[in-house]
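Okay, here's what each chain looks like letter by letter:
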Amino acid sequence: MDWKEYLQKEKHCSCGKNHVCDIEEIIIEDGAIKRLPQVLGKHKYQKLCVVSDLHTEQAAGLMVYEELEKAGYAFEKVVYQDEELVPDEDALIYLFTRVPNDCDLIIAVGSGTINDLCRYVSYKMKMDYYIVGTAPSMDGYASNVSPLIIRHLKTTYEARPARVIIGDLDIISQAPLHMIAAGAGDILGKYVCLTDWQLAHIVNGEYICPEIMELVRESIKKVAENAEKAAHRDKEAIGAIMEGLVLSGIAMSYIGNSRPASGSEHHMSHYWEMMFLLDQQPDPLHGTKVGIGTVVAIRLYEMLKEKREILFPLEEPSFDQELWTEKIKEAYGPAAPGVLELEKKIGKNSDGEVLRRRSVFQEHIEEIFKVVNELPKAEEIIEILKSMEAPYYPNQINVSEEVFARGIYYAKDLRNRFGLLQILFDLDLQEEFIQSLIQEIY
Ligand SMILES: [Zn+2]
Ligand SMILES: [Zn+2]
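Just so you know, these numbers come straight off a predicted model, no measurement behind them.

J.: Provide a residue-level description of the coordination of the zinc ion (ligand 2), including the pertinent values.
T.: Taken together, the protein donors to the zinc ion (ligand 2) comprise D186 (OD), H266 (NE2) and H286 (NE2), at separations of 2.1 to 2.2 Å. Along the chain, the residues donating to the zinc ion (ligand 2) fall in the pattern D-x79-H-x19-H. Here H286 lies in helix α11 (residues 286-306) and D186 lies in helix α6 (residues 177-188), a separation of 100 residues in the sequence. H286 sits in the partly exposed class, given a relative accessible area of 22%.

J.: Outline the coordination of the zinc ion (ligand 1), listing residues and values.
T.: Bound to the zinc ion (ligand 1) are the protein donor atoms C13 (SG), C15 (SG), H19 (NE2) and C209 (SG), situated 2.0 to 2.3 Å from the metal. Around the zinc ion (ligand 1) sit four donor atoms; with metal-centred angles ranging over 104 to 115 degrees, the donor geometry is tetrahedral. Ordering the donors of the zinc ion (ligand 1) by residue number gives the pattern C-x1-C-x3-H-x189-C. Residue classification places C15 among the partly exposed residues on the basis of a relative accessible area of 21%. With relative accessibility at 0%, the residue H19 sits in the buried group.

J.: Explain the packing of aromatic side chains to me, and be specific about the residues and the numbers.
T.: Considering all chains together, one arrives at 13 aromatic pairs under this definition. Ring centres 6.2 Å apart and planes at 55 degrees place the aromatic pair W3 and Y6 in the tilted group. In this pair, the class of W3 matches that of Y6, namely buried. Measuring from centroid to centroid gives 5.6 Å for Y65 and F75, while their planes differ by 20 degrees, and the two rings are stacked. Residue Y65 is located in helix α2 (residues 54-70), and its partner F75 is located in strand β5 (residues 74-80); the two are separated by ten residues in the primary sequence. Given the relative accessible area of 17%, F75 is considered buried. Through a chain of ring-to-ring contacts, the aromatic side chains of F312, F361 and F369 assemble into a single cluster. Between K77 and the ring centre of Y65, over which it is positioned, the NZ or CZ distance is 4.5 Å. If you follow K412 out to its NZ or CZ, it ends over the ring of F425, 4.3 Å from the centre.

J.: Please set out the side chain of N226 residue by residue, giving values where relevant.
T.: Relative to the helices and strands, N226 is located in helix α8 (residues 210-231). Among all residues touching N226, those that are not within four sequence positions of it are A237, A240 and I241.

J.: Could you give me a rundown of the packing of helix α7 (residues 190-204) against α8, with the residues and numbers involved?
T.: In helix packing, the relevant descriptors are the interaxial angle and the interaxial distance, both defined with respect to the helix axes. At their nearest, the axes of α7 and α8 sit 10 Å apart, and the two run at 160 degrees to each other. In terms of their interaxial angle, α7 and α8 are classed as roughly antiparallel. For the pair α7 and α8, the crossing hand works out as left-handed. Residues K190, Y191, L194, W197 and Q198 of α7 lie in contact with α8, whose contacting residues are I212, M213, V216, R217, I220 and A224. Tallied by class, the residues present in the contact of α7 with α8 amount to eight nonpolar, one polar and two charged.

J.: Account for helix α16 (residues 378-387), with residues named and values stated.
T.: Every buried residue of α16 is accounted for by A378, I381, I382, I384 and L385. Taken down its axis, α16 places every buried residue within 165 degrees of arc, on the same side. Along its buried surface, α16 packs onto α6, α7, α8 and α11. Just downstream of α16, E389 is the residue with a positive phi angle, here 60 degrees.

J.: For the nonpolar core, give the residues involved together with the corresponding values.
T.: Side chains of nonpolar character tend, in soluble globular proteins, to be buried together. By size, the foremost hydrophobic cluster in this structure holds 138 residues, and its most contacted members are I250, W272, L300, Y332 and I408. If one sorts the elements of this core by residue count, helix α9 (residues 235-255) sits on top with eleven residues. Both domain 1 (11-178) and domain 2 (263-441) contribute no fewer than three residues apiece to this core. With residues up to four places along the chain from it excluded, the contact list for L300 reads I408, L420, L421, L424, F433 and L437. Residues V50, V64, V132 and I166 belong to the second largest nonpolar core, which totals 24 residues.

J.: So, the domain arrangement of the protein chain: which residues are in play, and what are the values?
T.: As assigned here, the protein chain comprises domain 1 (11-178) and domain 2 (263-441). The distance between the C-alpha centroids of domain 1 and domain 2 comes to 32 Å. Summed over both sides, the interface of domain 1 with domain 2 buries roughly 1200 Å², with 63% coming from carbon and sulfur. Summed over the shared surface of domain 1 and domain 2, the result is one salt bridge. The salt bridge partner of K154 is E273, with a shortest N-O separation of 3.0 Å. Across the contact surface, domain 1 and domain 2 share three residue pairs in polar contact (both at pLDDT 80 or more). When grouped by side-chain class, the residues that make up the side of domain 1 that touches domain 2 number five nonpolar, five polar and three charged.

J.: Lay out the pairing of strand β4 (residues 47-53) with the relevant residues and their values.
T.: The buried count for β4 comes to six of seven residues, which makes it a mostly enclosed element. Where β4 lies against β5, seven bridges are found, and the strand directions are parallel. Its bridge partner lying in β5, D53 is registered against Y80. With respect to chirality, the unit in which β4 leads through α2 into the neighbouring parallel β5 is right-handed. Bridge count between β4 and strand β6 (residues 105-110): four bridges; the pairing is parallel. Paired with V50 across the two strands is I107, which belongs to β6.

Rules of the game
Residues numbered from 1 in each chain as written. Chains lettered and ligands numbered in written order. Predicted model: local features only at pLDDT ≥ 70, side-chain atom pairs only at ≥ 80, totals over all residues. Heavy atoms only, no water. Donors = N, O, S within 2.8 Å, 3.2 Å for Na, K, Ca; no water. Helix = DSSP H or I, 4+ residues; strand = E, 2+ residues; numbered from the N terminus. Buried < 20%, exposed > 50% of the residue type's maximum accessible area, 1.4 Å probe, protein only. Tetrahedral: all angles 85-135°; square planar, octahedral: opposite > 155°, others 65-115°. Phe/Tyr/Trp six-rings, centres within 6.5 Å; stacked < 30°, edge-to-face > 60°. Lys NZ or Arg CZ within 6 Å of the ring centre and 35° of its normal. Contact = heavy atoms within 4.5 Å. Axes fitted to C-alpha atoms, helices over the stretch in contact; angles between N-to-C directions. Parallel < 35°, antiparallel > 145°, perpendicular 65-115°, else oblique. Left-handed = near helix turned anticlockwise from the far one by under 90°. Nonpolar A, V, L, I, M, F, W, Y, C, P; charged D, E, K, R; others polar. Arc of directions from axis to C-beta. Core = buried A, V, L, I, M, F, W, Y, C linked by side-chain atoms within 4.5 Å. Domains from an automatic or database assignment. Buried area = accessible area lost by both parts, 1.4 Å probe. Salt bridge = Lys/Arg side-chain N within 4 Å of Asp/Glu carboxyl O. Polar contact = N/O pair within 3.5 Å; in protein donor to acceptor, adjacent residues only side chain to side chain. Pairing = 2+ DSSP bridges. Right-handed = clockwise from strand over helix to strand, strands pointing away.

What follows is the structure, given as structure tokens:
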């Protein structure tokens with residue numbers, strides 16, 4: 001695929017904004033790592049730092065070292081020794097203390113966590129940043145934000161996209177199947193993201209860009225069409241998934257935040273992740289959780305559709321701030337202060353806001369359900385995930401009933417981002433939908 005039209009060009013868009021993607025080069029092909037010296041040759045880097053973990057060093061790091069040595073570059077190696085690396089304070093400090101101050105380029109070798117950590121640290125240390133991807137497992141390669149877990153709270157931090165993205169098909173096609181399936185899951189979630197975004201546009205007048213939506217749709221198409229073949233290790237199909245993941249990241253870069261690529265399915269998955277980490281339980285890959293969050297979110301949208309004719313009239317809203325605060329403390333534990341602070345600032349749950357959104361919802365109900373009706377069926381998403389041997393229900397990854405319910409209730413409070421979960425709150429549907437989904441799943 002030709003990336004030129006996206007790279008380092010200002011796109012004058014029909015939405016009225018200019019979109020810029022700061023990435024210089026994207027190379028997704030067989031033997032891509034061998035092109036590293038040629039890419040580096042365009043700059044005058046003096047001192048490089050290659051960051052990997054025990055697995056990614058073996059998978060691709062050694063090859064990177066070899067290419068750099070052959071080309072005569074001086075470089076430091078930083079290798080995370082953790083079996084399960086988490087993008088938290090510990091991991092950040094480790095990197096900050098090991099990257100030499102006189103380094104001018106960080107080359108990350110890995111996928112999700114390594115990429116998030118290195119993008120953030122290189123941004124803060126004002127160094128250039130390249131990523132050598134080792135698995136098509138998430139859409140963060142081209143994104144310009146880093147989701148990190150600080151004080152137990154999963155928050156998205158501003159950073160810069162990688163200058164160069166290298167996806168060597170010889171390597172990423174060898175990635176474990178559950179990682180490839182996670183990449184597919186991350187992209188299937190975009191069905192929900194685009195729906196949430198359009199509803200936010202209708203209900204809150206939030207900015208939206210049709211061309212970026214189109215880009216995300218293209219990314220979904222690549223993944224949906226290639227998932228099954230990728231499960232059978234078809235190299236071209238795995239390459240197409242990698243391309244879809246990079247495209248989705250470009251969409252985020254264009255906007256400058258994760259709106260086009262993260263909706264209610266991501267919020268639930270972030271909540272589950274925080275709970276897994278707090279309970280010191282194994283935390284499945286980001287995209288694995290997002291795939292499951294997608295099935296859940298689409299089921300909830302389906303339930304909303306079934307209720308369409310009887311949504312109104314509703315009882316007057318009566319938001320009990322004190323009770324809600326207690327519930328947030330229960331649901332978030334040590335991460336609660338950040339969540340409470342956000343609500344204090346924006347007050348999205350207040351009766352006034354709920355009433356306002358309800359009336360816009362009612363007024364635009366035709367338009368809203370037209371958008372909702374474009375979603376695929378939850379069953380179709382389940383079939384794709386099954387074809388990749390991936391889990392599709394939260395109980396299959398040990399999300400407890402309690403955490404599952406709390407995710408639907410309170411994951412919306414992690415962000416100031418309107419979508420499905422807020423709609424369920426606004427229309428008094430949380431309790432009923434949660435109970436019937438628990439019946440269905442657990
Ligand atoms: Zn636009
Ligand atoms: Zn994601």
